[in-house]
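So the chains spell out like this:
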Amino acid sequence: MAAPENALERVKEFQLALLGLFLMIGLTVAAMVAASALVQVKRYPYEVVTVTGAAAKNIQSDFAEWTCRFARRANAPASAFKALQSDRAVIVEYLKSVGVTAAEMEVSQIGTTALYKLNDRGDTTNQIEGYELSQTITSRSADVVKIDRAAREATSLMSRDMVVDSQTPSFYYTKLDDLKVKMLGDATQNAFQRAQSMAKSTGRGIGRLRTANMGVFQITAPNSTEVSDYGVNDTSSREKKVTAVVNATFELAN
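The structure reproduced in this document is the subject of the present report. (Residues numbered from 1 in each chain as written. Predicted model: local features only at pLDDT ≥ 70, side-chain atom pairs only at ≥ 80, totals over all residues. Heavy atoms only, no water.)

Secondary structure assignment for the protein chain yields four helices and nine strands. Going residue by residue from the N terminus, the α and β elements of the protein chain occur as α-β-β-α-β-β-β-α-β-β-α-β-β. For the protein chain, the residues scored as buried account for 31% of the 254 residues in total. Sequence separation of at least 24 residues holds for 75% of the intrachain contacts in the protein chain that already meet a minimum separation of 6. As displayed, the protein chain has an accessible area near 16,400 Å², and 54% of this comes from carbon and sulfur atoms. (Helix = DSSP H or I, 4+ residues; strand = E, 2+ residues; numbered from the N terminus. Buried < 20%, exposed > 50% of the residue type's maximum accessible area, 1.4 Å probe, protein only. Contact = heavy atoms within 4.5 Å. Areas by Shrake-Rupley, 256 points an atom, 1.4 Å probe, with all protein chains shown as cover.)

If you look at the biggest cluster of nonpolar residues, it comprises 26 residues, and the most contacted ones within it are Trp66, Ile91, Tyr94, Leu95, Ile137 and Val164. Only strand E2 (63–74), helix H2 (77–97), strand E5 (124–141) and helix H3 (144–152) provide two or more residues apiece to this core. Ranked by the residues each element gives to this core, the list is headed by H2, at seven residues. Non-local contacts of Trp66, meaning those with residues more than four positions away in its chain, are made with Leu95, Ile137, Thr138, Ser139, Ile147, Ala150, Ala151, Ala154, Ser166, Gln167 and Pro169. (Core = buried A, V, L, I, M, F, W, Y, C linked by side-chain atoms within 4.5 Å.)

Using the criterion set out here, one finds one aromatic pair in the structure. Sitting over the face of the ring of Phe217, Lys180 holds its NZ or CZ atom 5.0 Å from the ring centroid. (Phe/Tyr/Trp six-rings, centres within 6.5 Å; stacked < 30°, edge-to-face > 60°. Lys NZ or Arg CZ within 6 Å of the ring centre and 35° of its normal.)

Our next topic: H2. Because each turn of an α-helix spans 3.6 residues, side chains separated by three or four positions in sequence point in the same direction. For H2, with 21 residues, the first-to-last C-alpha span of 30 Å sits near the 30 Å given by 1.5 Å per residue. What H2 keeps buried is the set Ala80, Leu84, Asp87, Arg88, Val90, Ile91, Val92, Tyr94 and Leu95. Where H2 is buried, its residues meet E2, strand E3 (105–107), E5, H3 and strand E6 (163–166). Following H2 by one or two positions, Gly99 has its phi on the positive side, about 105 degrees. (Expected span 1.5 Å × (residues − 1).)

Quick look at the pairing of E2 now. Pairing geometry for E2 and strand E7 (residues 170–172), over three bridges, is antiparallel. Within the sheet, the bridge partner assigned to Ala64 lies in E7 and is Phe171. Of the pairings in the sheet, the one linking E2 to E5 comprises 11 bridges and is antiparallel in character. Paired with Ala71 across the strands is Ser134, a residue of E5. By the bridge criterion, four bridges tie E2 to E6 in an arrangement that is antiparallel. In the strand pairing of E6, Arg69 is matched with Asp165. (Pairing = 2+ DSSP bridges.)

Sheet analysis places strand E4 (residues 111–118) next to E5, joined by seven bridges and oriented antiparallel. Note on E5: the bridge partner recorded for Gly111 is Ser134. The turn linking E4 back onto E5 is made up of five residues, and Gly122 within it adopts a positive phi angle of 85 degrees.

For H3, the full list of buried residues reads Val144, Lys146, Ile147, Asp148, Ala150 and Ala151. If you follow the buried residues of H3, they end up packed against E2, H2, E5, E6 and E7.

Time to look at the pattern of salt bridges. A full pass over the atoms with the stated rule returns 16 salt bridges. Across the salt bridge formed by Glu132 and Arg73, the nearest N and O atoms sit 2.9 Å from each other. Here Glu132, found in strand E5, pairs with Arg73, found in strand E2; they are 59 residues apart in sequence, far enough to count as distant. The salt bridge partner of Asp234 is Lys240, with a shortest N-O separation of 3.7 Å. Since its relative accessible area comes to 2%, Lys240 is described here as buried. Here the salt bridges share partners, and the residues they tie into one network are Glu65, Glu106 and Arg140. (Salt bridge = Lys/Arg side-chain N within 4 Å of Asp/Glu carboxyl O.)

What follows concerns the side chain of Glu104. Turning to its location among the elements, Glu104 is positioned in the loop between H2 and E3. We classify Glu104 as buried; its relative accessible area is 18%.

What follows deals with the environment of Ser228. Here Ser228 shows up in the loop between strand E8 (205–220) and strand E9 (239–253). Ser228 sits in the partly exposed class, given a relative accessible area of 22%. When the C-alpha positions of Ser228 and Val216 are compared, they lie 7.8 Å apart, and in sequence the two are 12 residues distant. Apart from residues lying up to four places away in sequence, Ser228 is in contact with Val216 and Gln218.

The following block contains the structure:
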């Protein structure tokens, strides 16, 4: 009976060894699968594509301002002041004639400059020989056409023997903040489309947006090619072109 019992023991030992081998193989395969999954989890979030998106829109300015400076010189301050008052009345009347209201005008304080006599060598002396009084009137209005016209036709004042310095009018768009939000969204969508096109060429897809950074915001004349790292804010043109740029990073998907 000893021989059969020994044989039975050897069979049990073989079965246990075989079971241990299968268990070891199973654990090894499970570990390899887990490691593979871990590699994939870490791998794909770091596979990204970074693109630049842009959006552009033409707009019309909805606010304008224009400043004109006028001055008079005389030997005595009183004489210069009287002449300056007369010029101011003429300019105000002119502005009213082109539609600018009193509420749209801002008259500055009078500036006074002493004029010193020069000696034979052209050097300034301490002797005052006259005074220059100056003043500015700034017109501001949502009627940009009216302000533009006032600035363009101001040369007519010179025919009245007046010293008038007409500055370049400035044109603004007051709803820029709202427009910026929309255009940044459009620029991000453009970046997504560019990323899709790049990924498609490699047989991949685009996953979620990882980062989006606003680039420069340019406001230029319609046909301008001006670009600045700090952005451009054109105020000389009634019509403007607004360009928004976004740098975006997307995950790549299978």
